[in-house]
Amino acid sequence: MSTRRVEAFSDGVFAIAATLLILDVHRAGGSVSHGLAHAWPSYTAYAISFLTIGIIWVNHHTVLEQIDRVDRTFMFINLVLLMIVSFSPYPTRVLAETLRHGSKAAAFDYGATFVLMSIAFVALWFYASWNKRLLSPDADPKTVSGITRSFRPGSVMYTTAMLSSLISAYLAVALYGAIALVYVVENSLFGRD
């Protein structure tokens, strides 16, 4: 089966999940300036989640460019990835609502979503690329190797950040943001065609 339908469906899920994030950004009470200043947890959670979904969308596109065809197993792994992506607005909202109070549980739950997302994405890629199972015959070996290298540390980084929430919610959120920035820079500098 061609990758076009998988890509079209996936793009729709990414777009909806990214759009839903903004619905939970609210101004706090009081004066406008006070309310905007005190809404920083919403801005922070929104920015990190939007960047993360955007990074996954960009990487998903790059992965599908290397794939010639998909099979049922690939589609189900992709479905699990999309299920987690579409779930991400919920822990984002919980984190935004509780970050001001330093909720370790909310930061842990938020991180657990990212850990699961990264595991699903790694599973998707390694399923497709193992023994070139679904790769296009003209897949660029340099790009294939670059994707593999860049995906390997993701689950470890997110797990480390998630576990840091047991020490401090603020530390965990800073690490989630740093991971997103690392992937933005990595994709921007090293992911060029």
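Residues numbered from 1 in each chain as written. Predicted model: local features only at pLDDT ≥ 70, side-chain atom pairs only at ≥ 80, totals over all residues. Heavy atoms only, no water.

A. Region of interest: the overall build of the protein. Scanning the protein from N- to C-terminus turns up 8 helices and 0 strands. Tracing the protein from N to C terminus, the helices and strands come up as α-α-α-α-α-α-α-α. Taken over C-alpha atoms, the radius of gyration comes to 18 Å for the protein, in line with the 16 Å a tight globule of 193 residues would show. The principal-axis extents of the C-alpha atoms in the protein amount to approximately 60 × 30 × 30 Å. Out of the 193 residues in the protein, the part that is buried amounts to 42%. Of all intrachain contacts in the protein linking residues separated by at least 6 positions in sequence, the fraction that spans at least 24 positions is 78%. (Helix = DSSP H or I, 4+ residues; strand = E, 2+ residues; numbered from the N terminus. Rg over C-alpha atoms; globule rule 2.2 N^0.38 Å. Buried < 20%, exposed > 50% of the residue type's maximum accessible area, 1.4 Å probe, protein only. Contact = heavy atoms within 4.5 Å.)

B. Local environment of unusual backbone geometry. Phi at N131 is positive, roughly 50°, even though this residue is not glycine. Along the chain, the position of N131 falls in the loop between helix 6 (104-129) and helix 7 (141-164).

C. Inspection of the packing of helix 5 (residues 89-98) against helix 6 at higher detail. Their axes nearest at 9 Å, the elements helix 5 and helix 6 cross at an angle of 155°. When the interaxial angle is binned, helix 5 and helix 6 end up roughly antiparallel. Between helix 5 and helix 6 lies a crossing whose hand is left-handed. Packed against helix 5, whose contacting residues are P91, T92, V94, L95 and T98, the element helix 6 presents A106, A107, D109, Y110 and T113 at the interface. Counted by class, the contact of helix 5 with helix 6 contains 6 nonpolar, 3 polar and 1 charged residues. (Axes fitted to C-alpha atoms, helices over the stretch in contact; angles between N-to-C directions. Parallel < 35°, antiparallel > 145°, perpendicular 65-115°, else oblique. Left-handed = near helix turned anticlockwise from the far one by under 90°. Nonpolar A, V, L, I, M, F, W, Y, C, P; charged D, E, K, R; others polar.)

D. Representation of a nonpolar patch on the surface in the model. A cluster of nonpolar side chains, namely V32, L36, W40, Y43 and Y170, defines an oily patch on the protein surface of about 470 Å² accessible area. Secondary-structure elements contributing two or more residues to the nonpolar patch are helix 2 (32-37) and helix 3 (40-66). With respect to the element layout, L36 can be found in helix 2. (Patch = residues over 30% accessible without salt bridge, like charges linked within 9 Å, V, L, I, M, F, W, Y side chains within 5 Å. Areas by Shrake-Rupley, 256 points an atom, 1.4 Å probe, with all protein chains shown as cover. Salt bridge = Lys/Arg side-chain N within 4 Å of Asp/Glu carboxyl O.)

E. Structural context of the confidence of the model for the protein. On average, the protein scores 89 in pLDDT, and the residues at 70 or more come to 93%. Mean pLDDT values over the elements of the protein span from 73, in helix 2, up to 97, in helix 4 (residues 72-87). (pLDDT = per-residue confidence, 0-100.)

F. Geometry of the nonpolar core. With 53 residues, the main nonpolar core has I67, F74, V85, L95 and Y176 as its most contacted residues. Per-element accounting of this core gives the leading share, 12 residues, to helix 6. With residues near it in sequence (within four places) discarded, Y176 still touches I48, A107, F108, Y110, G111, F114, Y158, A161 and M162. (Core = buried A, V, L, I, M, F, W, Y, C linked by side-chain atoms within 4.5 Å.)

G. Summary view of the packing of aromatic side chains. Here the structure, examined in full by the defined rule, presents 7 aromatic pairs. Both rings, one in F121 and one in F151, keep their centres 4.8 Å apart while their planes meet at 50°; by these two values the pair is tilted. On the criterion of sequence distance, the pair formed by F121 in helix 6 and F151 in helix 7 is long-range, its members being 30 residues apart. Note on accessibility: F121 and F151 belong to one class, buried. In textbook terms, an aromatic cluster arises when at least three aromatic residues are bridged by ring pairs, as seen for Y110, F114, Y158 and Y176. The ring of Y127 carries the charged tip of R133 above its face, separated from the ring centre by 4.1 Å. (Phe/Tyr/Trp six-rings, centres within 6.5 Å; stacked < 30°, edge-to-face > 60°. Lys NZ or Arg CZ within 6 Å of the ring centre and 35° of its normal.)

H. Expanded view of the packing of helix 3 against helix 7. Running from amino to carboxyl end, helix 3 crosses helix 7 at an angle of 145°, the nearest separation of the two axes being 11 Å. Of the two possible hands of crossing, helix 3 and helix 7 adopt the one that is left-handed. For the pair formed by helix 3 and helix 7, the contact residues are T52, N59, T62, V63 and Q66 on the first element and T143, V144, I147, F151 and Y158 on the second. Classifying every residue of the contact of helix 3 with helix 7 gives 5 nonpolar, 5 polar and no charged.

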